[in-house]
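Chains, contacts and geometry: an overview
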Amino acid sequence: MELLCPAGNLASLKTALNAGADAVYLGLKDDTNARSFAGLNFTPKKLQQAAQYTQALGKKIFLTINTFPKPGEEQRWYDAIDLAANTGVNALIMADLSLLDYAHSRYPKLPLHLSVQASATNLGALSLYKKEFNIERAVLPRVLSMKQVRDLSKVSPVDLEVFAFGSLCIMAEGRCHLSSYVTGQSPNTGGSCSPAQHVRWQEVNGSRQTRLNNVLIDESSIDEQMGYPVVCKGRYTTEENSHPSHLLESPTSLNTLSLLPELAKANVVSLKIEGRQRSPAYVEQVTKVWRQAIDTYLNDPQAYQTKQQWDLALAKVSEGQTTTLGAYERAWQ
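Nothing here was measured: the structure is a model prediction, and the numbers come from that model. Along each chain, the written sequence defines residue order, and numbers are assigned to residues from 1. Residue-level local features of this predicted model are given only where pLDDT is at least 70; pairs of side-chain atoms are given and counted only at 80 or more, and the full residue set underlies all totals for whole chains, interfaces and linings. The side-chain values count all of the structure's non-hydrogen atoms but skip hydrogen atoms and water molecules.

1. Re the overall build of the protein
Starting at the N terminus, helices and strands are each numbered in turn, a helix being any DSSP run of H or I of at least four residues and a strand any DSSP run of E of at least two. A tally of regular secondary structure across the protein gives 11 helices and 13 strands. Within these notes, the globule rule equals 2.2 Å times the number of residues to the 0.38 power, and the radius of gyration is based on C-alpha atoms. The C-alpha atoms of the protein give 20 Å as radius of gyration, which agrees with the globular expectation for 333 residues (20 Å, within 12%). Residues counted as buried form 52% of the 333 residues belonging to the protein. Put simply, of all contacts in the protein between residues at least 6 apart along the chain, 63% involve residues at least 24 apart. The method behind every accessible area is Shrake-Rupley, applied with a 1.4 Å probe, and residues are considered shielded solely by the protein chains displayed. Of the accessible surface of the protein, which amounts to about 15100 Å², a share of 49% is contributed by carbon and sulfur atoms. Remark: exposure states derive from per-residue accessible area (1.4 Å probe, protein chains only) relative to the maximum for the residue type, with buried under 20%, exposed over 50%, and partly exposed in between. Contacts are assigned to residue pairs with any non-hydrogen atoms lying within 4.5 Å of each other.

Structure, rendered in C-alpha cells:
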C-alpha cells in the first residue's frame, strides 16, 4: 500500500519523503485547491522544484486541483492543468466534471485521480468517471463503513484510496454548505473551509470565544486544546439542550492504524494522511509512525498489532489530542 502524505510547502514535502512517504500531494498557491490558506502551497517555480526533488528519489507527486471553477474564471483552472502536464507530475487529483474533461481530452496520458470532493461512493459513480474520463483512482469520502469499503473494492473499476489519518469531515464532501452559510464564501470554490480572515478568538471572563464571521461557534477554557475552528465542530445549544455541546462533530482526528489489515485485504492501494495545512513537524511524526506500521504489517501480516507508542505519538498531533475510527466503526451503516 502506498503511503501518501501532505505537503503544504517545500519543507513539508522534503520532510514527508525523508520520513518514508511513497508519494506526496500538494496544491498551487491559489484557489484551484481546497487548502488555499495564506503561507501554504506552491508557485509554478516551487512546483517544478518539488517535482524534481520527488522524482529524483523515485517517488511520486500528485497535484490537487479539487475546487470547482467560478463561472467566467475557468481559465485559471485550465492553466493549472496545463502547468501540471508540463511540469511532469505523476497524477492530478480533481473533482469537477469540466476539469476532468479538459485534462482527459488535452492530456490523455496524464493519470487522473478522482478527488474526495467528488463524493463518489458507489459503483455507478465510479463507473461513470472511469468511462468518461478514464480515471485510474478514486479517493473515497470519509463517510463509508469498513463493510462498504470492502464491498465497493470487490466491484470497483478503479483503484481505491482512503483517508487513514487526520481531520474528519462528516458532510458529503464537496457538497457542504455550512461554511458558506456563515461566511458567504464557499470552500468548494474559494479553497478553504472557514477562511482565516473570518476567524476571531477573544478572551472573555476567563474563557476563550471562537467566532467565525462574528458568529459565536465555540467557547472553551483558556488552556483547552482546540483544533482549527470550523462550523461543524463548534459547540451549540438547542431547545432540548441548553448546555453547549458538539452536536455535529467532535474535534477529533481519524486514526485507522487498527484497521490496516482490513484495508489491505480490501485491496486499498493508497493510505492518505490529511494535513496540508499542518506543520512539517506534524508531517514528520505522522509519516514516521505510518511508515513503521505499514512495514510491520507487510513483514508479517498475520502477526500485525498496533503498538501503544504509535497511538500515543499520533494522539499528540491530533485535534483535541484524541482520535477515532470515524465512520469505519458505525454499526448502523
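2. Looking at the packing of aromatic side chains
In this analysis, rings of Phe, Tyr and Trp, with Trp reduced to its six-membered ring, are considered paired at centre separations within 6.5 Å, and the interplanar angle assigns stacked below 30 degrees, edge-to-face beyond 60, and tilted for intermediate values. If you walk through the whole model with that rule in mind, you get five aromatic pairs. Here Y78 and Y102 contribute two aromatic rings whose centre-to-centre distance is 4.3 Å and whose plane-to-plane angle is 10°, an arrangement assigned as stacked. Taken together, the positions of Y78 in helix α3 (residues 74-87) and Y102 in helix α4 (residues 97-106) put the pair 24 residues apart, joining distant regions of the chain. A centroid spacing of 6.3 Å and a plane angle of 40° characterise the contact between Y129 and F133, whose relative ring orientation is tilted. One end of the pair is Y129 and the other is F133, both in helix α5 (residues 123-133) and four residues apart, which spans about a single turn. Residue classification places F133 among the buried positions, given a relative accessible area of 7%. In our convention, an over-ring charge means Lys NZ or Arg CZ found within 6 Å of a ring centre and within 35 degrees of that ring's normal. Taking the ring centre of Y53 as reference, the NZ or CZ of K14 above it sits at 5.3 Å.

3. A closer look at the pattern of salt bridges
A pair is scored as a salt bridge if a Lys or Arg side-chain nitrogen falls within 4 Å of a carboxyl oxygen belonging to Asp or Glu. One pass over the structure, following the stated rule, counts 13 salt bridges. Notably, a salt bridge pairs E262 with R150, separated by 3.0 Å at the nearest N-O pair. Of this pair, E262 sits in helix α9 (residues 260-265) while R150 is found in helix α6 (residues 146-155), placing the two residues 112 residues apart along the sequence. Residues joined in a network through salt bridges with shared partners are E2, R137, E161 and K272.

4. Notes on helix α1 (residues 10-19)
Side chains of residues three or four places apart in an α-helix project in the same direction, reflecting 3.6 residues per turn. With seven of its 10 residues buried, α1 lies for the most part within the structure. If you check which residues of α1 are buried, you get L10, S12, L13, T15, A16, L17 and A19. Looking at the packing, one finds that the buried side of α1 touches β1 (2-6), β2 (23-26), α2 (44-56), β3 (60-65) and α10 (280-299). Phi for G20, located one or two positions after α1, is positive at around 120°.

5. Here we look at the side chain of N255
Mapped onto the secondary structure, N255 falls in strand β11 (residues 253-255). Take N255: its relative accessible area is 7%, and that puts it in the buried class. A distance of 3.2 Å separates the side chain of N255 from the backbone nitrogen of L257, its partner in a polar contact. Residues in contact with N255, not counting those within four places in the same chain, are A164, F165, W290, D311, L314, T323, T324 and L325. For the purposes of these results, a polar contact is taken to be a pair of N or O atoms within 3.5 Å, where, inside protein, one atom must be able to donate a hydrogen and its partner to accept one; residues adjacent in sequence count only when each atom of the pair is a side-chain atom.

6. What about the pairing of strand β8 (residues 199-204)?
What makes two strands pair is DSSP finding at least two bridges between them. By the bridge criterion, six bridges tie β8 to strand β9 (residues 207-212) in an arrangement that is antiparallel. Each bridged residue has a counterpart across the sheet, and for Q202 the counterpart in β9 is Q209. Linking β8 to β9, which pair antiparallel, is a turn of two residues; within it N205 sits at a positive phi near 50°.

7. Let's talk about the environment of L263
Looking at where L263 falls in the secondary structure, it is placed in helix α9. Note: C-alpha distance between L263 and A164 (99 residues apart in sequence) is 9.4 Å. Beyond its immediate stretch of four places on either side in the chain, L263 contacts M1, M146, V162, T256, V268 and L271.

8. Some details on the sheet that holds β9
Judged by pairing direction, the sheet is antiparallel, and its three strands sit side by side in the order β8-β9-β10 without closing on themselves. Looking at the sheet topology across the chains shown, the edges are occupied by β8 and β10 (215-221). On average, adjacent strands in this sheet sit at an angle of 25° to one another, irrespective of strand direction. What counts as an axis is a line fitted to C-alpha atoms, over the stretch in contact for a helix, and the angles between N-to-C directions run from 0 to 180 degrees.

9. Here we look at the nonpolar core
To qualify as a nonpolar core, a set must consist of buried Ala, Val, Leu, Ile, Met, Phe, Trp, Tyr and Cys residues joined through side-chain atoms within 4.5 Å. Membership of the largest hydrophobic core comes to 80 residues, with the highest contact counts inside it found for L13, L92 and W290. When residues in this core are grouped by element, the largest group, eight residues, is from α10. In this view, L13 contacts A7, V24, L26, F42, A50, Y53, T54 and I61; residues no more than four positions away in its chain are not counted. Grouped together as the second largest cluster of nonpolar side chains are six residues, L4, Y25, A91 and I93 included.

These figures come from the coordinates and say nothing about function on their own.
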